[in-house]
Amino acid sequence: MSNPWSGRFDEAPDKAFLAFSSSLAEDALLVREDVVGSLAHVATLRDAGVLTAAEHDAIARGLRQAYADLREGRVELREELEDVHMNVETHLAKLVGPLAGKLHTARSRNDQVALDLRLWTRRVLLDLAAASLDLADALLAKAAATADAAMPGYTHVQPAQPVTLGHALHAHAERAMRDAERAMDAFRRCNASPLGAAALAGTSFPIDPRRTAERLAFERAFANSLDAVSDRDFAAEATFVGALAAVHLSGLGEELVLFTSPAFGFLRLPEAYTSGSSIMPQKRNADSAELLRARAGREIGALQAVLSILKGLPLAYNRDLQEAKAPAMRSALHALESLRMARALVAGLEPVPARMQDALALGFLEATELADLLAQRGTPFREAHHVVGSLVKEAERTGKGLGALAAAHPAFAGADLAGFGPRDAAARKTSPGGTAPARVREAIATAQARTVALRQAERAARGRIDAAEEALLRG
Ligand code: ARG
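It should be emphasised that the depicted structure is a prediction, and the values quoted were computed from it without experimental measurement. (Residues numbered from 1 in each chain as written. Predicted model: local features only at pLDDT ≥ 70, side-chain atom pairs only at ≥ 80, totals over all residues. Heavy atoms only, no water.)

Caption draft 1: Quick look at the overall build of the protein. In terms of helices and strands, the protein carries 18 helices and 6 strands. Against the globule reference of 23 Å for 475 residues, the protein gives a C-alpha radius of gyration of 30 Å, more extended than a compact globule. Seen through its principal axes, the protein has C-alpha atoms that stretch 95 × 50 × 40 Å. Put simply, the protein has 475 residues, and 48% of those count as buried. Partitioning the contacts of the protein with sequence separation of at least 6, the portion at a separation of at least 24 is 78%. Surface accessibility of the protein: about 22,000 Å² in total, with carbon and sulfur atoms responsible for 55%. Here the protein holds 56 positive side-chain charges and 59 negative ones, and the gap between their average locations is 3 Å. (Helix = DSSP H or I, 4+ residues; strand = E, 2+ residues; numbered from the N terminus. Rg over C-alpha atoms; globule rule 2.2 N^0.38 Å. Buried < 20%, exposed > 50% of the residue type's maximum accessible area, 1.4 Å probe, protein only. Contact = heavy atoms within 4.5 Å. Areas by Shrake-Rupley, 256 points an atom, 1.4 Å probe, with all protein chains shown as cover. Lys, Arg positive; Asp, Glu negative; His and termini not counted. Charge placed at Lys NZ, Arg CZ, Asp CG, Glu CD.)

Caption draft 2: Spotlight on a nonpolar patch on the surface. Residues L200, L226 and L315 make up a contiguous nonpolar surface patch of about 250 Å² in total accessible area. Relative to the helices and strands, L226 is located in helix 9 (residues 225–230). (Patch = residues over 30% accessible without salt bridge, like charges linked within 9 Å, V, L, I, M, F, W, Y side chains within 5 Å. Salt bridge = Lys/Arg side-chain N within 4 Å of Asp/Glu carboxyl O.)

Caption draft 3: Fine view of the pairing of strand 1 (residues 150–155). Judged from the 5 bridges that link them, strand 1 and strand 2 (residues 158–164) form a sheet pairing that is antiparallel. Residue pairing in the sheet places Y154 in a bridge with P159 of strand 2. Counted between consecutive antiparallel strands, the loop separating strand 1 from strand 2 contains 2 residues, among which H156 sits at a positive phi close to 55 degrees. (Pairing = 2+ DSSP bridges.)

Caption draft 4: Main features of the site of the ligand. S23, E82, D83, H85, R109, N110, V113, Y317, Q322 and K325 make up every residue found near the ligand. Between a nitrogen atom of the ligand and a side-chain N or O atom of E82, the distance comes to 3.4 Å. The side chain of Q322 places a nitrogen or oxygen atom 2.9 Å from a nitrogen atom of the ligand. Protein burial of the ligand: of its 340 Å² of free accessible surface, 86% is covered by the chains. Looking at the shell around the ligand, the elements with two or more residues in it are helix 6 (109–145) and helix 12 (320–348). When residues in the shell around the ligand are grouped by element, the largest group, 3 residues, is from helix 6. For the shell around the ligand, a count of residues per class yields 2 nonpolar, 4 polar and 4 charged. (Near = heavy atom within 4 Å. Polar contact = N/O pair within 3.5 Å; in protein donor to acceptor, adjacent residues only side chain to side chain. Nonpolar A, V, L, I, M, F, W, Y, C, P; charged D, E, K, R; others polar.)

Caption draft 5: Up close: helix 5 (residues 84–96). Spanning 13 residues, helix 5 covers 18 Å between terminal C-alpha atoms, matching the ideal 18 Å at 1.5 Å per step. On its buried face, helix 5 sits against helix 2 (24–27), helix 3 (31–47), helix 4 (53–71) and helix 6. Two or three places before H85, at the opening of helix 5, D83 has a side-chain oxygen 3.3 Å from that residue's backbone nitrogen. G97 sits one or two positions beyond helix 5 and adopts a positive phi of about 75 degrees. (Expected span 1.5 Å × (residues − 1).)

Caption draft 6: Up close: the environment of R343. Mapped onto the elements of the fold, R343 is located in helix 12. Residue R343 is classed as partly exposed on the basis of its relative accessible area, which comes to 40%.

Caption draft 7: Quick look at the pattern of salt bridges. Inspection of every chain in the model, using the stated rule, returns 38 salt bridges. Across the pair R109 and D83 runs a salt bridge, and its minimum N-O distance is 2.7 Å. Taken together, the positions of R109 in helix 6 and D83 in the loop between helix 4 and helix 5 put the pair 26 residues apart, joining distant regions of the chain. A salt bridge links R118 to D231, with the shortest nitrogen-to-oxygen separation between them at 2.8 Å. Taken together, the residues span a long stretch of sequence, with R118 in helix 6 and D231 in the loop between helix 9 and helix 10 (233–260) at a distance of 113 residues.

Caption draft 8: Representation of the packing of helix 3 against helix 4 within the structure. One way to put it is that helix 3 packs onto helix 4 with a least axis distance of 10 Å and a crossing angle of 175 degrees. Taken together, the axes of helix 3 and helix 4 are roughly antiparallel relative to one another. The segment helix 3 lies against helix 4, with V31, R32, V35, S38, L39, V42, A43 and R46 engaging A53, H56, I59, A60, L63, R64, Y67 and L70. (Axes fitted to C-alpha atoms, helices over the stretch in contact; angles between N-to-C directions. Parallel < 35°, antiparallel > 145°, perpendicular 65-115°, else oblique.)

Caption draft 9: Structural context of the side chain of E55. With respect to the secondary-structure elements, E55 resides in helix 4. If sequence neighbours within four positions are ignored, E55 has contacts with V50, L99 and K102.

Caption draft 10: Representation of unusual backbone geometry in the model. A positive phi angle, near 60 degrees, is found at V157, a position not held by glycine. If you check the backbone angles, F364 has positive phi at about 55 degrees while not being a glycine. Of note, F364 is situated in the loop between helix 13 (353–360) and helix 14 (367–376).

Caption draft 11: Representation of the packing of helix 5 against helix 6 in the model. Contact geometry for helix 5 and helix 6: axes closest at 10 Å, N-to-C directions at 105 degrees. Here helix 5 lies roughly perpendicular to helix 6, going by the angle between them. Packed against helix 5, whose contacting residues are V84, H85 and M86, the element helix 6 presents R109, Q112, V113 and D116 at the interface. Tallied by class, residues from the contact of helix 5 with helix 6 come to 3 nonpolar, 2 polar and 2 charged.

Caption draft 12: Quick peek at the nonpolar core. Counting residues in hydrophobic clusters, the biggest one holds 92 residues, and the most contacted among them are L63, L125, L128, L135, L216 and F266. In terms of residue count, helix 6 provides more of this core than any other element does, 16 residues in total. Residues L370, V388, V392 and A406 belong to the second largest nonpolar core, which totals 17 residues. (Core = buried A, V, L, I, M, F, W, Y, C linked by side-chain atoms within 4.5 Å.)

Caption draft 13: View of the packing of aromatic side chains. Tallied over the entire structure, the rule returns 5 aromatic pairs. Connected via pairs of aromatic rings, a cluster forms that spans Y154, F259, F264 and F266. Above the face of the F9 ring, R8 is positioned so that its terminal group lies 5.8 Å from the ring centre. Residue placement shows R71 over the ring face of Y67; its charged tip is 4.7 Å from the ring centre. (Phe/Tyr/Trp six-rings, centres within 6.5 Å; stacked < 30°, edge-to-face > 60°. Lys NZ or Arg CZ within 6 Å of the ring centre and 35° of its normal.)

Caption draft 14: How the structure looks around the environment of P262. With respect to the element layout, P262 can be found in the loop between helix 10 and strand 5 (267–268). Using a relative accessible area of 66% as the deciding quantity, one classes P262 as exposed.

Written as structure tokens, this is what we have:
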């Protein structure tokens, strides 16, 4: 069929313009969404008496056939038809004839594209939540196994105080759980149907957008048609969810790069996730972790792109909105890949406790512990800091141990310094949320209960969506 507005035009569209304006690369991911949305729409048209039951049934059957043909590759998407909506409708016309022309009653591509993108985004948000939870679970399992393993903790990448590896892994799990929560929050705002807004003003056909929303298992329908066709907040939010998760993974990637380097040697990655060198025979590089570190760049760029495209747009549909689809959709898929890679790396991570123990001897990690001891004995903390600082200076100059110098210093007279070495410091950090093994185990148990609850919410939402969409596709 020629394009739907050919009645008003004398000239056919320019080929270069057609290619320039096509959104087919991303629309290819929206075929299912487009068909499901149309199935809900025609059911609402039937309920409103706009379509007869027989017309509805014929169109619905045609839509299901069109979906099967496109999915199984019997029909290809054609670029000159611009987008998925025109492709589905054109194929439907081949299957059911002129009746296909009734599908677009009380609907515009403006509310249709908003719907398709919402259907796709709400599912990908659940995927992001699930992948973040999978990562959190892998981190928590590793954390539980390493709750006693003391290692140097760093600030500014300089030795600071001993922590346990389990504590560090649990910290990354907390980030992943917030990512899952953020995805579920964004899901709630995404879960509203724009269908029935039509071009921008609503429609004079007696349809009820709430019926369409229910059929698609949306929590609600739009409140304002002008807003419904222009709102892409959900796409921006999904891009942010992916970008922040990617930023978290870049930090994890950086730590994996550092700690698997022989200079630290605290962790080993399975060979399957590392690469060798084409010239240096000894090399085993943590490429997977480096890529996690780098990939955040693309997600951040996508967020910038989406927000820049949305900025300054007047209400209702503007063709600019099409351009936001690619960065929003690609970045979500990209973030999913990174989350899944990170989970595999974490699951295969092997701690090397002997190297962590050796490193505890470097960098005077017990210095704060000794200052705290003086403070507990009544010395003002600032003064205690000064005393221990001068002992560190002396230790650096003479090569003597900090503990031995402290034992000989009058400020520590009568103090029992056993238990104040770097190997013991982590166990003493028993304040809530602190690094002591018992605290870490408690925190892991609380976190595990949280991931269970989040996963239940994610599965319940997915179950509702699957049931509704499958019922429409089944007929
Ligand atoms: N291909 C368009 C998009 O993805 C579909 C909506 C077109 N609407 C319009 N009025 N041109 O945004």
